[in-house]
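So the chains spell out like this:
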Amino acid sequence: MIFFYALANCIKQTAPWPSGKAELCKSSIHQFESDRRLFDGIDRRVGSQQHSPNVASKCGYRLFRRTSLYYLRSCILILTVFFGFAYSALAQDNSSDNYTKRAKINLGRQINSPFSELAPIISPNGKLLFFTMGRDHPSNLGEDHLQDCYVSHRAQNGSWSAPKNLGLPINSVGNDAISGVSPDGRTLFIKNFIYNPTNGYCFARKDTNGRWNINPITILEYSNSSHLSSQSISVNGDFIVISAERADGYGGLDLYVSRVKDRSKNLYGPLENLGLVLNTNSDEIAPFLAADSKTLYFSSRGRGGFGDADVFMTKRLDDSWVNWSAPKNLGKDINTEGMDAYYSVPASGDVAFFSSSNGNNHLDLYKILLNTDEQPDPVMLLQGEVMNRQGVMIHGSVAITDIQDNINICNSESSEDLGDFSLVLPTGKRYRLSVSAPGYLPFSSEIDLSQTQQFADTTITVILDSVTIGSVATIEDIYFDFNKATLKSESFFSLDKLAELLHSNEHWVVRIEGYTDSIGSAEFNKVLSHDRAQSVVSYLISKGIVSERLQAEGFGAASPVADNSTEDGRRKNRRVELRLIRFSEK
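Residues numbered from 1 in each chain as written. Predicted model: local features only at pLDDT ≥ 70, side-chain atom pairs only at ≥ 80, totals over all residues. Heavy atoms only, no water.

Caption draft 1: Just the side chain of Arg 549, in detail. By the secondary structure assignment, Arg 549 is in the loop between α6 (522-542) and β31 (550-554). There is no salt bridge for the buried Arg 549, and the closest opposite charge comes from Glu 506, which lies 6.0 Å off by N-O distance. A distance of 2.9 Å separates the side chain of Arg 549 from the backbone oxygen of Trp 508, its partner in a polar contact. Once residues within four sequence positions are removed from consideration, Arg 549 is found in contact with Leu 502, Asn 505, Glu 506, His 507, Trp 508, Val 509 and Val 510. (Helix = DSSP H or I, 4+ residues; strand = E, 2+ residues; numbered from the N terminus. Buried < 20%, exposed > 50% of the residue type's maximum accessible area, 1.4 Å probe, protein only. Lys, Arg positive; Asp, Glu negative; His and termini not counted. Salt bridge = Lys/Arg side-chain N within 4 Å of Asp/Glu carboxyl O. Polar contact = N/O pair within 3.5 Å; in protein donor to acceptor, adjacent residues only side chain to side chain. Contact = heavy atoms within 4.5 Å.)

Right, here's the structure in full:
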């Protein structure tokens, strides 16, 4: 194609070059008519002046040269246009791979039925698909068979199981919906007016026996003048984004946020409008807050686009919830002439699930791959299990803390039947993982995501020691200045927790054991590890723990728990352990 553009530029020097394909065709036709008239005039002149053969000869030569240039130029023009169209078609064929990747993929008959499937919610790990089955489905509860909630499980080969009605108490004789699921799949954010006539919002939590328990959610000063509403919840449960019509809105349904005030009481604060960057004088509906708790997908009727309501994406720029990036229309591959809404994205951020018309006056569930610029910020999906030294699963409490700010990020619990837990962590920071269980010594470790720039799916196993003589608690997140025994401030959080543990168990006598990596001489490492253990003892004494209950010992690079040839392994080997050595008589 570059060759033809270059050739066209050469010809342009002898004739004007019109812009645009339509003008090009018109110009060629006009030029042809002009040359034809010139040819006719010369022919008549030659015929009337046969006594002047030189004139005729010169005119014939000029005619031949001009008509030859004309036909050459016309042929090149035609070839240029032809190859231009061919190149465009070829480019479209070459881009078909991208389009195929963006094609809507129907989830198939195993999921979809002759009835409508609505508003899918994919679990963060992508293994559970919750959705609402439209009215009149024979499996829906109640005489009227109004909307019910269903779940499907994804197998290792990617196939989906037959949808299962979640039954009572999640479903009722009314219209029911699921709008969020916790990373471990054991807490659902649902809409059920039977259990909460005020606003319909509830948590459904699965107990150790597999039963769902419904807990109504209170939102202070809640109101919505529309009979329509849609909502989404952050993966840590701190924020609920709601589409509602209110007096303090900008027209139609606006997007609002409610922040958690008391988690133990399921209490959330008043709705706060997300501002004019997102809201218009028409409807903004179907919000979905991605796993990064920053990226928001929603549908709007007030921003133009391809149809009734289009899906847009925006990112939260700070913690105010009113500063957002300009909403981006997700394009024609996602948006259609009809209403497009209810997108749900797993923690991986690379695919969206949604409901769309199947052409038979019903909705089916689909998925579509998202381009990089349409994906949320990367996160880590941290999945793990908690067990004792004998390999028995333990019901424990799991907490994640921001090391720099000492702020709790999220919490989870390991189940008694499986011992597993699941959490979502935004990348770009360092975190503290703390695990505790009754009758066991605690565990603490660092998770460094400060340099992670893409989605990570990590599985770990936490082993807790029971409270017996000789049992050990590993505390990896105690930090010292380089080659020194001076404690860093990031250590104080875990040390304070350790002091609380010792205050709660006044009969414990413990030894603080220090370890280093293998860098440096054995003598230096042993002295350093002892001095660091002594620094921990001194800190605990400053928190009120009597010195007679504390001992310090350093072991240098002995007993490594990881490979010293890697930085991550060396970090794990630089640790402090608490060993229970006896019970005092007091």
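Next, the rest of the story.
Caption draft 2: Local environment of the pattern of salt bridges. Taken as a whole, this structure holds 27 salt bridges when the rule is applied. The shortest N-O distance in the salt bridge between Arg 263 and Asp 238 comes to 2.2 Å. Placement of the pair is Arg 263 in the loop between β13 (254-262) and β14 (267-268) and Asp 238 in the loop between β11 (230-233) and β12 (239-244), with a sequence separation of 25 residues. Here Arg 263 falls in the partly exposed class, since its relative accessible area comes to 43%. Salt-bridge contacts for Arg 246 lead to Asp 248; the nearest nitrogen and oxygen are separated by 3.2 Å.

Caption draft 3: The nonpolar core, seen in detail. With 23 residues, the main nonpolar core has Ile 478, Leu 502, Val 510, Ile 512, Val 536 and Leu 540 as its most contacted residues. Looking at this core, the elements that each hand over two or more residues are β29 (472-475), α5 (492-504), β30 (508-514), α6 and β32 (576-583). Examining the composition of this core, we find that five residues originate from one element, α6, more than from any other. Apart from residues lying up to four places away in sequence, Val 510 is in contact with Leu 502, Arg 549, Leu 550, Gln 551, Leu 578, Arg 579, Leu 580 and Ile 581. Residues Val 386, Leu 423, Phe 443 and Leu 464 belong to the second largest nonpolar core, which totals 20 residues. (Core = buried A, V, L, I, M, F, W, Y, C linked by side-chain atoms within 4.5 Å.)

Caption draft 4: The arrangement of the packing of aromatic side chains in detail. Within the structure shown, the criterion is met by 12 aromatic pairs. Considering the side-chain rings of Phe 298 and Phe 312, the 6.1 Å spacing of their centres and the 25° angle between planes classify their relative orientation as stacked. Linking Phe 298 in strand β17 (residues 295-300) with Phe 312 in strand β18 (residues 310-315), this pair joins segments that are 14 residues apart in sequence. You'll find Phe 298 and Phe 312 in the same group, each marked buried. One Lys or Arg, Lys 104, reaches over the ring of Tyr 366 and ends 5.5 Å from the middle of that ring. (Phe/Tyr/Trp six-rings, centres within 6.5 Å; stacked < 30°, edge-to-face > 60°. Lys NZ or Arg CZ within 6 Å of the ring centre and 35° of its normal.)

Caption draft 5: Structural detail: the confidence of the model for the protein. Per-chain confidence: the protein averages 83 in pLDDT, with 83% of residues scoring 70 or above. Here residues 1-72 is modelled with pLDDT under 50, and outside its nearest four sequence neighbours on either side it reaches 38 contacts, counting other chains as well. Ignoring residues within four places in sequence, the model shows residues 74-101, a span with pLDDT below 50, making 14 contacts including any to other chains. (pLDDT = per-residue confidence, 0-100.)

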